[in-house]
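What the coordinates show
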Amino acid sequence: MDTVIRTSGLTKHYGRVHALDGLDLSVTAGQVHGFLGPNGAGKTTTIRILLGLARKTGGTASVLGSDPWRDATDLHRRIAYVPGDVSVWPNLSGGEAIDLLSRLRGADTRGAVYRNERERLETAFQFDPRKKGRAYSKGNRQKVALISAFTVPADLYILDEPTSGLDPLMEVVFREEVARVRDAGATVLLSSHILSEVELLCDRVSIIRAGRVVESGTLAELRHLTRTEVSFTATDAAAADGIPSAHDPSFADGRARFTVDSDDVASVLPVLAQRAVTGLRVEPPSLEELFLRHYGDDVTDAAGDADAAAPARTRRSARS
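Summarised in this report is the structure supplied together with it.

Rules and cut-offs
Residues numbered from 1 in each chain as written. Predicted model: local features only at pLDDT ≥ 70, side-chain atom pairs only at ≥ 80, totals over all residues. Heavy atoms only, no water. Helix = DSSP H or I, 4+ residues; strand = E, 2+ residues; numbered from the N terminus. Buried < 20%, exposed > 50% of the residue type's maximum accessible area, 1.4 Å probe, protein only. Contact = heavy atoms within 4.5 Å. Pairing = 2+ DSSP bridges. Axes fitted to C-alpha atoms, helices over the stretch in contact; angles between N-to-C directions. Parallel < 35°, antiparallel > 145°, perpendicular 65-115°, else oblique. Left-handed = near helix turned anticlockwise from the far one by under 90°. Nonpolar A, V, L, I, M, F, W, Y, C, P; charged D, E, K, R; others polar. Salt bridge = Lys/Arg side-chain N within 4 Å of Asp/Glu carboxyl O. Core = buried A, V, L, I, M, F, W, Y, C linked by side-chain atoms within 4.5 Å.

This part takes up the overall build of the protein. Counting secondary structure elements, the protein contains 11 helices and 13 strands. The dimensions of the protein, computed from C-alpha atoms along their principal axes, are 70 × 50 × 40 Å. Residues counted as buried form 44% of the 320 residues belonging to the protein. A separation of at least 24 residues holds for 67% of the contacts in the protein among residues at least 6 apart in sequence.

Set out below in structure tokens:
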């Protein structure tokens, strides 16, 4: 199967609120696919539909070749899901919770293979499985979900802000586990606000805005949406004069800087070589810059209208 997740014209309406408004998404087998967008863009609504937890209003959705609403029970044995805010049973220990979640996906939790893998992950995530759920911090609750997800092999991993509450060391462990399951042939849909995480892990990225995918492609393909910064050692601001395609020239701390459309970088480099510049530094745009390019205005507007929009968001969250 080449395409593990496919949606076409997917819509989800909560009354007059259009959480999804014609979403087209395609996730290829064996890839880590980043799913980016600000709060309210429709990421979690999409994930709920893909998991069979919410019913679409219109359009089509397919997961592993099946209908996620009609075939949810069978699909859940092939899918590992980690939400961004994990709740655990207060009277169960962490190990008991992991075993319960694993059995729900059909695992033999008494087998040696399962026990060895669970112990390996508990060691890697520095997790104590003996404590009761009520004693766990947010980060440890997150580890319960991550360990149960990675202990039992899955065809598809759907991860919605999975590293919420983890410290940087544990984020490294998480990235290693994602790379491991991808190398084993699994597919990963990763929704994350940690843009460096997406840059390090994802083969492709889809950016969602107002319930629609507005851009999709590899990181290299999406970098054309913003500019690359070029800087070099200089004695004054005039050092950047006359460079073709240069934008926003500036001078500070002994370096001349300017930006250039990423597609024009190759034409600028020969000009700099002719000038024999030293200390040349070319910094491609980060995913954060791509993100802000799409959402900067919207985020500003949303912050100004937060009080007015709060009741609508509350109603929508309750219905979700």
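Topologically, Glu-117 is positioned in helix α4 (residues 112–124). Owing to a relative accessible area of 19%, Glu-117 belongs among the buried residues under this scheme. Once residues lying within four places of it in the same chain are set aside, the contact partners of Glu-117 are Phe-150, Thr-151 and Arg-180.

Further remarks concern the sheet that holds strand β1 (residues 3–14). Read across the open sheet, the 3 strands follow the order β2-β1-β4; overall the sheet is antiparallel. Edge positions in the open sheet fall to β2 (17–28) and β4 (58–63), since each of these has one partner strand only. Each adjacent strand pair in this sheet contributes to an overall mean axis angle of 15°, direction not counted. Along the sheet face, helix α1 (residues 43–50) touches β1, β2 and β4 and points at about 115° away from the line of β1.

Another aspect to go through is the packing of helix α3 (residues 94–104) against helix α5 (residues 138–151). Between two packed helices, what matters for the description is the angle formed by their axes and the separation of those axes. The contact between α3 and α5 brings their axes to 9 Å, and the two run at 40°. Relative to α5, the element α3 is oriented oblique. The handedness of the crossing between α3 and α5 comes out as right-handed. Along the contact surface, α3 presents Gly-94, Ala-97, Ile-98, Leu-101 and Ser-102, while α5 presents Val-144, Ile-147 and Ser-148. A per-class count over the contact of α3 with α5 returns 5 nonpolar, 3 polar and no charged.

This part is about α3. Along α3, the residues that are buried comprise Gly-94, Gly-95, Ala-97, Ile-98, Asp-99 and Ser-102. The elements touched by buried residues of α3 are α4 and α5. Within two residues after α3, Gly-106 carries a phi angle of roughly 90°, on the positive side.

Right, let's get into the pattern of salt bridges. Counted under the stated rule, the structure contains 18 salt bridges. Put simply, Arg-120 and Glu-177 hold a salt bridge, and the shortest N to O gap is 3.1 Å. Remark: Glu-177 occurs in helix α6 (residues 168–183) and Arg-120 occurs in helix α4; sequence separation between them is 57 residues. With a relative accessible area of 4%, Glu-177 lands in the buried category.

Quick look at the nonpolar core now. Nonpolar side chains tend to gather and get buried jointly when the protein is soluble and globular. Grouped together as the largest cluster of nonpolar side chains are 46 residues, with contacts concentrated most on Phe-150, Tyr-157, Leu-159, Phe-174, Val-178, Val-188 and Val-205. Apart from residues no more than four positions distant in its own chain, Val-178 is found in contact with Val-32, Phe-150, Leu-159, Val-188 and Leu-201. Counting 23 residues, the second largest nonpolar core, distinct from the first, contains Val-4, Leu-25, Ala-61 and Leu-75.

Here the focus is the side chain of Thr-228. Considering the arrangement of structural elements, one finds Thr-228 in strand β10 (residues 227–233). Residue classification places Thr-228 among the buried positions, given a relative accessible area of 4%. Excluding residues within four positions of it along the chain, Thr-228 makes contact with Phe-258, Thr-259, Val-260, Ser-262, Val-265, Val-282, Glu-283, Pro-284 and Pro-285.

This part is about the environment of Ser-286. Inspection of the secondary structure puts Ser-286 in the loop between β13 (278–283) and α10 (287–304). Classification of Ser-286 as partly exposed rests on a relative accessible area of 25%. Between the C-alpha atom of Ser-286 and that of Arg-227, which follows or precedes it by 59 residues, the distance is 9.7 Å. In this structure, Ser-286 is in contact with Glu-199 and Arg-223, ignoring residues within four places of it in sequence.

Read these as spatial facts, not as claims about activity.
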